[in-house]
Amino acid sequence: MEIIIVENYKELSQKAAEIFLNQLNIKLNSVFGLSTGSTPVGLYNKVVELYKKGGYDFSFVKTFNLDEYYLISSENKNSYHFFMNDVLFNHINVDKKNIFIPDGEVKDCDAFCDWYEKEISNNPIDLQILGIGENGHIGFNEPGSSLDSKTRLVDLSPETIKINSRFFDDKNNIPRQAITMGIDTILKAKNILFLASGAKKAKAVYDMIYGNISLDCPASALQRHKKVLVILDKDAAELLK
Ligand code: GLP
């Protein structure tokens, strides 16, 4: 893993946006793996800002999102569909038919997950954006997830439900499950751009980099990947030597 430590969240977002847009410059029809949560918001904002200044074309790009809650409607403002449209897709010229996000309402989950996995195999991800949960999860691969896991329906841990409840007005209506790319799916990306900000992530980041590869910290599986760029702000890096 290559690790870059920057001063703060603003710098992290700036650096990440440069790498994101550089990928687009290298390959006009890049396939991006996208992540949600608060961490990549600054990256997406910066990408939109630079796109609006001109010179970038997303019309040949394909995107695959890591995960989506289940059950949730794509109209729900807490869905990752809504989030992605709001922060990125509504502001750039990406072709809607090239956007792939797990379906939070699909009836036949197994068939859907097989299809999603095949679409990713047929369109290998050039650059996967990743964040991390406080318990070391990537996507919604919670501790205990198999390193060979593929796209599937998972139960969320009580800790993740509690942490993510900050976004939901109605705390009784927080989804207990999600569809997520598996760890193996994520590791198939050609390049991974991993982002973490804030002291709450410091322990998970430490375990990811220095811990044994273990089901207890799903992000530790990234040690197996040859091209992971880790960008941390100082607080997320505070436990690193
Ligand atoms: C969710 C997402 C993850 C994300 C994590 C951290 O659980 N499924 O992909 O990395 O939250 O989110 P945040 O950046 O808000 O801390």
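Just so it is clear, the model here is predicted, and its values are computed rather than measured. (Residues numbered from 1 in each chain as written. Predicted model: local features only at pLDDT ≥ 70, side-chain atom pairs only at ≥ 80, totals over all residues. Heavy atoms only, no water.)

**Q** Help me out: how do you make sense of the site of the ligand in this one?
**A** Taken together, 16 residues form the shell around the ligand, and within it Ser38, Thr39, Asp67, His137 and Lys201 come nearest. The separation between an oxygen atom of the ligand and a polar side-chain atom of histidine 137 is 2.8 Å. Within the side chain of lysine 201, an N or O atom sits 2.6 Å from an oxygen atom of the ligand. When the ligand sits alone it has 390 Å² of accessible area, and the protein chains cover 95% of it. Grouping the amino acids of the shell around the ligand by side-chain chemistry returns 4 nonpolar, 9 polar and 3 charged. (Near = heavy atom within 4 Å. Polar contact = N/O pair within 3.5 Å; in protein donor to acceptor, adjacent residues only side chain to side chain. Areas by Shrake-Rupley, 256 points an atom, 1.4 Å probe, with all protein chains shown as cover. Nonpolar A, V, L, I, M, F, W, Y, C, P; charged D, E, K, R; others polar.)

**Q** Which parts of the structure should I look at to understand the environment of lysine 241?
**A** Of note, lysine 241 is situated in the segment after strand E10 (228-233). Linking lysine 241 and phenylalanine 58, residues 183 residues apart in sequence, is a C-alpha distance of 39 Å. Ignoring sequence-local partners within four residues, the contact set of lysine 241 consists of Tyr206 and Tyr210. (Helix = DSSP H or I, 4+ residues; strand = E, 2+ residues; numbered from the N terminus. Contact = heavy atoms within 4.5 Å.)

**Q** Hey, could you run me through the packing of helix H1 (residues 9-26) against helix H2 (residues 41-52) in this one?
**A** Between two packed helices, the angle of one axis relative to the other and the distance separating the axes together describe the packing. Close contact between H1 and H2 brings their axes to 8 Å; oriented N to C, the two are set at 55 degrees. Here H1 lies oblique to H2, going by the angle between them. Helix-helix and strand crossings are classified by hand; for H1 and H2 the assignment is right-handed. Along the contact surface, H1 presents Tyr9, Ser13, Gln14, Ala16, Ala17, Phe20 and Leu21, while H2 presents Val41, Gly42, Leu43, Lys46, Val47 and Leu50. Looking at the contact of H1 with H2 residue by residue, the class counts come to 9 nonpolar, 3 polar and 1 charged. (Axes fitted to C-alpha atoms, helices over the stretch in contact; angles between N-to-C directions. Parallel < 35°, antiparallel > 145°, perpendicular 65-115°, else oblique. Left-handed = near helix turned anticlockwise from the far one by under 90°.)

**Q** Which parts of the structure should I look at to understand the sheet that holds strand E7 (residues 152-155)?
**A** Pairing between the strands of a sheet comes from backbone hydrogen bonds, and it takes one of two forms, parallel or antiparallel. Spatial ordering of the open sheet is given by E4-E8-E7, a layout of 3 strands whose pairing is antiparallel. Two strands lie at the open edges of the sheet, namely strand E4 (67-70) and E7, each paired on one side alone. Geometrically, the sheet is characterised by an average inter-axis angle of 30 degrees between neighbouring strands, direction not taken into account. Note that E4 and strand E8 (residues 177-180) share 4 bridges and pair antiparallel. Residue pairing in the sheet places glutamate 68 in a bridge with isoleucine 179 of E8. (Pairing = 2+ DSSP bridges.)

**Q** Any chance you could explain the UniProt feature "active site" (unreviewed entry) in the chain here in plain terms?
**A** Using the residue numbers shown here, the UniProt feature "active site" (unreviewed entry) corresponds to Asp67, Asn135, His137 and Glu142. Position of histidine 137 relative to the elements: it lies in the loop between strand E6 (127-130) and E7. Apart from the residues within four sequence positions on either side, histidine 137 is in contact with Gly131, Ile132, Glu142, Thr160 and Pro218. There is a polar contact of 3.1 Å between the side chain of histidine 137 and the side chain of asparagine 135. With respect to the element layout, glutamate 142 can be found in the loop between E6 and E7. (UniProt positions renumbered as here; feature names shortened; annotations may be inferred.)

**Q** When you look at the pattern of salt bridges in this model, what are you seeing that I'm missing?
**A** Any two side chains of opposite charge can pair, so long as their charged atoms come close to each other. A full pass over the atoms with the stated rule returns 11 salt bridges. Across the salt bridge formed by glutamate 49 and lysine 46, the nearest N and O atoms sit 3.2 Å from each other. With glutamate 49 and lysine 46 both in helix H2 and 3 residues apart, the pair spans about one turn of that helix. Owing to a relative accessible area of 34%, glutamate 49 belongs among the partly exposed residues under this scheme. (Salt bridge = Lys/Arg side-chain N within 4 Å of Asp/Glu carboxyl O. Buried < 20%, exposed > 50% of the residue type's maximum accessible area, 1.4 Å probe, protein only.)

**Q** Where do I start with the nonpolar core in this structure?
**A** Generally speaking, nonpolar side chains in soluble globular proteins are found buried as a group. Membership of the largest hydrophobic core comes to 39 residues, with the highest contact counts inside it found for Phe64, Leu130, Met181, Phe194, Met208, Leu222 and Leu232. Those elements giving two or more residues to this core turn out to be helix H4 (109-122), helix H6 (183-187), strand E9 (191-196), helix H7 (202-210) and E10. Counting residues per element, this core draws most heavily on H4, at 5 residues. When sequence neighbours within four positions are dropped, the list of residues in contact with phenylalanine 194 reads Leu130, Gly131, Ile132, Val205, Met208, Leu222, Val228, Leu229, Val230, Ile231 and Leu232. (Core = buried A, V, L, I, M, F, W, Y, C linked by side-chain atoms within 4.5 Å.)

**Q** Would you mind showing me how to read the packing of aromatic side chains here?
**A** The description of an aromatic ring pair uses the distance of the two centres, along with the angle that the planes make with each other. Across all of its chains, the model carries 14 aromatic pairs by this definition. Pairing tyrosine 69 with phenylalanine 140 gives two aromatic rings, centres 5.5 Å apart and planes at 45 degrees, and the pair type is tilted. Of this pair, tyrosine 69 sits in strand E4 while phenylalanine 140 sits in the loop between E6 and E7, and the two are 71 residues apart along the sequence. The exposure class of phenylalanine 140 is buried, given its relative accessible area of 1%. Each residue in the set Phe64, Phe100, Phe112, Trp115 and Tyr116 is aromatic and connected to the rest through ring pairs, giving one cluster. (Phe/Tyr/Trp six-rings, centres within 6.5 Å; stacked < 30°, edge-to-face > 60°.)

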